[in-house]
Amino acid sequence: MNGIERIKARIEADARLENDRILADAEAKAAEIAAAYKAQADTEAAELAAKGEKLAAEREERLVSAAQMEARKVQLAAKQAQVEKVYALALEKLCAMPAEQYLDILAELLEKASATGKEEVIFSEKDRDVGKAAIEKANQRSGKQLKLAEETQKISGGFILKDKNVEVNCTFETLVRLQKADTAGTVAKMLFA
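A brief report on the enclosed structure follows. In this text, all values refer to a predicted model and were calculated from it rather than measured experimentally.

What counts, and where the lines are drawn
Residues numbered from 1 in each chain as written. Predicted model: local features only at pLDDT ≥ 70, side-chain atom pairs only at ≥ 80, totals over all residues. Heavy atoms only, no water. Pairing = 2+ DSSP bridges. Helix = DSSP H or I, 4+ residues; strand = E, 2+ residues; numbered from the N terminus. Patch = residues over 30% accessible without salt bridge, like charges linked within 9 Å, V, L, I, M, F, W, Y side chains within 5 Å. Areas by Shrake-Rupley, 256 points an atom, 1.4 Å probe, with all protein chains shown as cover. Salt bridge = Lys/Arg side-chain N within 4 Å of Asp/Glu carboxyl O. Buried < 20%, exposed > 50% of the residue type's maximum accessible area, 1.4 Å probe, protein only. Axes fitted to C-alpha atoms, helices over the stretch in contact; angles between N-to-C directions. Contact = heavy atoms within 4.5 Å. Core = buried A, V, L, I, M, F, W, Y, C linked by side-chain atoms within 4.5 Å. Right-handed = clockwise from strand over helix to strand, strands pointing away. Expected span 1.5 Å × (residues − 1). Phe/Tyr/Trp six-rings, centres within 6.5 Å; stacked < 30°, edge-to-face > 60°. Lys NZ or Arg CZ within 6 Å of the ring centre and 35° of its normal.

Topic: the pairing of strand β4 (residues 166-171)
- Bridge count for strand β3 (residues 158-163) against β4 is six bridges, and the pairing is antiparallel. Across the sheet, the residue bridging to L161 is V168, located in β4.
- Taken together, β3 and the strand that follows it, β4, pair antiparallel across an intervening segment of two residues, in which K164 is found at a positive phi of about 60°.

Considering a nonpolar patch on the surface
- The grouping of V86, L191 and F192 at the surface amounts to a nonpolar patch, some 210 Å² of accessible area in total.
- Relative to the elements of secondary structure, V86 occurs in helix α1 (residues 3-95).

Here's the deal with the pattern of salt bridges
- In total, this model carries ten salt bridges according to the counting rule given.
- Note that E108 and K112 form a salt bridge whose closest N and O atoms lie 3.1 Å from each other. Residue E108 and its partner K112 are both found in helix α2 (residues 99-113); the two are separated by four residues, about one turn of the helix.
- The exposure class of E108 is partly exposed, given its relative accessible area of 41%.
- For K112, a relative accessible area of 65% gives the class exposed.

Some thoughts on the sheet that holds strand β2 (residues 147-152)
- The sheet built from four strands is open, its strands ordered β2-β1-β3-β4 with mixed pairing. One side of each edge strand has no neighbouring strand; the edge strands of this open sheet are β2 and β4. For this sheet, the mean angle separating the axes of adjacent strands, direction not counted, is 30°.
- As judged from the three bridges shared by strand β1 (residues 120-123) and β3, these two strands associate in the antiparallel manner. Counterpart to I122 in the pairing with β3 is I160.
- The strands that helix α3 (residues 128-142) touches are β1 and β2; relative to β2, the one it contacts most, it runs at about 160°.
- Along the sheet face, helix α4 (residues 172-191) touches β3 and β4 and points at about 75° away from the line of β4.

Some points on the nonpolar core
- By size, the foremost hydrophobic cluster in this structure holds 22 residues, and its most contacted members are L106, L110, V121, L146 and F159.
- Elements with a contribution of two residues or more to this core: α1, α2, β1, α3, β3 and α4.
- With residues near it in sequence (within four places) discarded, L110 still touches V121, A134, I135, A138, L146, F159 and L161.

A look at the pairing of β2
- Bridge count for β1 against β2 is three bridges, and the pairing is parallel. From the neighbouring strand, F123 faces β2, where its bridge partner is T152.
- Running through α3, the crossover from β1 to the neighbouring parallel element β2 is right-handed.

Points about α3
- In a regular helix each residue adds 1.5 Å, so 15 residues correspond to 21 Å; α3 covers 21 Å between its end C-alpha atoms and thus fits that length.
- Those residues of α3 that sit buried are R128, V130, G131, A134, I135, A138 and N139.
- For α3, the secondary structure elements touched by its buried residues are α2, β1 and β2.
- G143, located one to two residues past α3, shows a positive phi value of around 75°.

Quick look at the packing of aromatic side chains
- This structure, assessed with the given rule, holds two aromatic pairs.
- Ring geometry for Y102 and F172: centres 5.7 Å apart, planes at 80°, overall edge-to-face. Of this pair, Y102 sits in helix α2 while F172 sits in helix α4, and the two are 70 residues apart along the sequence. Across the pair, exposure class does not vary: Y102 and F172 are buried alike.
- It is K79 that lies over the ring of F192; its NZ or CZ is 5.2 Å from the centre.

Below is the structure:
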């Protein structure tokens, strides 16, 4: 080998060494960059996962809360329906009581509800006979002059007192409804203790 070839071979060897060193540096640099980006990606993935878990937990909490509220509403509606049934049953029992007891209750109500003692009393068609007897009994006991009205009303029980343009509603429907306003809480406590 002559001198030029040796120089050429040495230059090529140096160039290969320099090339290998540059490639090794580049690979190391690439590995370092890849590791940094992988670490950043892992950190961001963990943050997103934590954020996702937090959002999922919050959503689950909201859904559970909404479900509990809906359950309470359904339970409350069921309880209210039961309370309504109690008052419907009370009205039914008032209207279906024995004739003598019904007569006594009507007479007592007439005495208490009459303001002037000269009102007309309106009953349902089915209660006209017992109503007439109740008026006579109330008039005898209190000295009032209540009269049986010619007209009738579609009511399930009780009566309406009429004095000129003023009417006092003493129907059992109204009396039960008025009592319900005062006693619904107590009834609910008794039913759902």
